[in-house]
Amino acid sequence: MKIIDNIAELKKEIALLNGSVGLVPTMGALHNGHKSLINKSVSENKNTIVSIFVNPIQFGANEDLDKYPRQLQEDAKLCESAGVNIIFAPKVSEMYGDDKNNLTLICPPYFAVDKLCGKSRPGHFDGVCSVVAKLFNLTKANKAYFGQKDAQQLFIIQKMVRDLNFDIEIIPCPIVREFDNLALSSRNQYLSTKDRADALNISKALFNAKKMVGEGIKQTRAIIDASLKIMENLDVEYIEFVDKYTFEFQQEVNENTIMLIAARVQDSNTRLIDNINL
Ligand code: AMP
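The present account deals with the structure reproduced in this document. For clarity, every value in this text was computed on a predicted model and none was experimentally measured.

**Digging into helix H10 (residues 220–230)**
Then step 1. Listing the buried residues of H10 in full gives Thr-220, Ile-223, Ile-224 and Ser-227. One face of H10 carries all of its buried residues, which in axial projection span an arc of 100°. In H10, those exposed residues whose orientation departs by more than 90 degrees from the buried face are Arg-221 and Lys-229.
Then step 2. For H10, the elements touching its buried residues are helix H9 (193–214), strand S7 (235–243) and strand S8 (257–264).

Here is the structure:
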């Protein structure tokens, strides 16, 4: 496995690869969620490239860019044992030059970003699309693997690929959870014991919603009320229901509904997201 931090060397190595290339874009601090994407790529491609880049242009001014966990050595061990060929871990200046405030950006359409995470994180998805497009161009990957944990991101990337004719197949991968259903996230490292216990109520609300739907309840209002009760110890940013194909909001659940939650735990003020297919 090669660990590469510059674009010239990456291009050289990629030119030497034979066979299909799978790309797994990440911000590092790798966990079993990332590992499931990597495993899928390794099983489906001759070569797998994992990018590890804490992308500054997708963070807002008051967000956790500086404290975001960076642990390249541990990440490299996980990648090596999973059969990754190349880790691409560039510095910010390698990706963006000296002026990351004056870049050509890819801006997804208003209807896709004026809701959910895009609403509370203005510019976030411009940053995500722009870095992902650069990684697609640099790696020339045949397939790229994204987690359903970031459902809005996955929807937006799939749309970008269609709209801009990227020659790449996007492979959605299911959410990996801990034994008690907490969705794995690099940000779980921030949680105190109390925070972690509180954070569990996010997945509890989602699984309870699925149970309610199984019992015949279709009105999202009733599900929201029950969810707010379960999450009363959290600062809930949103509980929303969208059609998984269009990301339009829904008042009534049907077979295409995804329920999405963003909430903050109180000790560390960590913002967590999760979702479920209803
Ligand atoms: P991140 O490093 O948080 O930017 O995530 C990199 C990729 O891993 C994204 O496609 C995420 O959706 C995916 N991912 C993160 N957490 C999970 C999880 N618990 N299950 C599945 N995929 C995940």
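The rest of the description comes next.
**Examining the sheet that holds strand S4 (residues 86–88)**
Then step 1. Reading across the sheet, the six strands line up as S1-S4-S3-S2-S5-S6 and stay open at both edges, with parallel pairing between neighbours. Either end of the sheet is taken by a strand with one partner, and the two such strands are strand S1 (2–4) and strand S6 (169–173). Each strand of the sheet is rotated relative to its neighbour by a mean of 25°, with strand direction disregarded.

**Quick look at unusual backbone geometry**
Then step 1. Despite not being glycine, Leu-116 has its phi angle at roughly 50°, a positive value.
Then step 2. With respect to the helices and strands, the residue Leu-116 is situated in helix H6 (residues 116–120).
Then step 3. Take Leu-116: its relative accessible area is 5%, and that puts it in the buried class.
Then step 4. Backbone geometry places Asn-269, a non-glycine residue, at a positive phi of 60°.

**Topic: the packing of aromatic side chains**
Then step 1. All chains considered together, the criterion is met by six aromatic pairs.
Then step 2. Between Phe-59 and Tyr-68, the ring centres sit 6.0 Å apart and the planes meet at 80°, which makes this aromatic pair edge-to-face.
Then step 3. Relative to Phe-146, the ring of Phe-136 lies with its centre 6.5 Å away and its plane at 80°, an arrangement referred to as edge-to-face. Highlighted residues: Phe-136 in helix H7 (residues 124–139) and Phe-146 in strand S5 (residues 143–147), separated in sequence by 10 residues.
Then step 4. A relative accessible area of 5% means that Phe-136 is categorised as buried.
Then step 5. What makes Phe-146 buried here is its relative accessible area of 4%.
Then step 6. An aromatic cluster of at least three residues, connected via ring pairs, comprises Phe-111, Phe-155 and Phe-247.
Then step 7. Directly above the ring of Tyr-190 sits Lys-67, whose terminal nitrogen or CZ lies 4.2 Å from the centroid.
Then step 8. Lying across the ring of Phe-249, Lys-115 places its NZ or CZ 5.0 Å from the centre.

**Topic: the pairing of strand S3 (residues 47–52)**
Then step 1. With six of its six residues buried, S3 lies for the most part within the structure.
Then step 2. Residues of S3 alternate between two faces, with Asn-47, Ile-49 and Ser-51 on one and Thr-48, Val-50 and Ile-52 on the opposite face, all of them buried.
Then step 3. Two strands pair when backbone bridges link them, and strand S2 (residues 21–26) and S3 are joined in this way by six bridges, in the parallel orientation. Across the sheet, the residue bridging to Leu-23 is Ile-49, located in S3.
Then step 4. For the segment spanning S2, helix H2 (residues 32–44) and S3, crossover handedness is right-handed.
Then step 5. Here three bridges tie S3 to S4, and the two strands are oriented parallel to one another. Counterpart to Ser-51 in the pairing with S4 is Phe-88.

**Topic: the site of the ligand**
Then step 1. In the vicinity of the ligand, 17 residues are found, and the nearest of them are His-34, Gly-147, Asp-150, Val-176 and Leu-184.
Then step 2. In this structure, Met-27 approaches the ligand through a main-chain N or O atom, which is 2.9 Å from an oxygen atom.
Then step 3. Between the ligand and Leu-184 there is a distance of 2.9 Å, counted from a nitrogen atom to a backbone nitrogen or oxygen.
Then step 4. Summarising the interface, the protein chains cover 92% of the accessible area of the ligand, which totals 490 Å² for the free molecule.
Then step 5. Those elements that place two or more of their residues in the shell around the ligand are S2, H2 and S5.
Then step 6. Looking at side-chain class alone, the shell around the ligand contains nine nonpolar, six polar and two charged residues.

What counts and how
Residues numbered from 1 in each chain as written. Predicted model: local features only at pLDDT ≥ 70, side-chain atom pairs only at ≥ 80, totals over all residues. Heavy atoms only, no water. Buried < 20%, exposed > 50% of the residue type's maximum accessible area, 1.4 Å probe, protein only. Helix = DSSP H or I, 4+ residues; strand = E, 2+ residues; numbered from the N terminus. Arc of directions from axis to C-beta. Contact = heavy atoms within 4.5 Å. Pairing = 2+ DSSP bridges. Axes fitted to C-alpha atoms, helices over the stretch in contact; angles between N-to-C directions. Phe/Tyr/Trp six-rings, centres within 6.5 Å; stacked < 30°, edge-to-face > 60°. Lys NZ or Arg CZ within 6 Å of the ring centre and 35° of its normal. Right-handed = clockwise from strand over helix to strand, strands pointing away. Near = heavy atom within 4 Å. Polar contact = N/O pair within 3.5 Å; in protein donor to acceptor, adjacent residues only side chain to side chain. Areas by Shrake-Rupley, 256 points an atom, 1.4 Å probe, with all protein chains shown as cover. Nonpolar A, V, L, I, M, F, W, Y, C, P; charged D, E, K, R; others polar.

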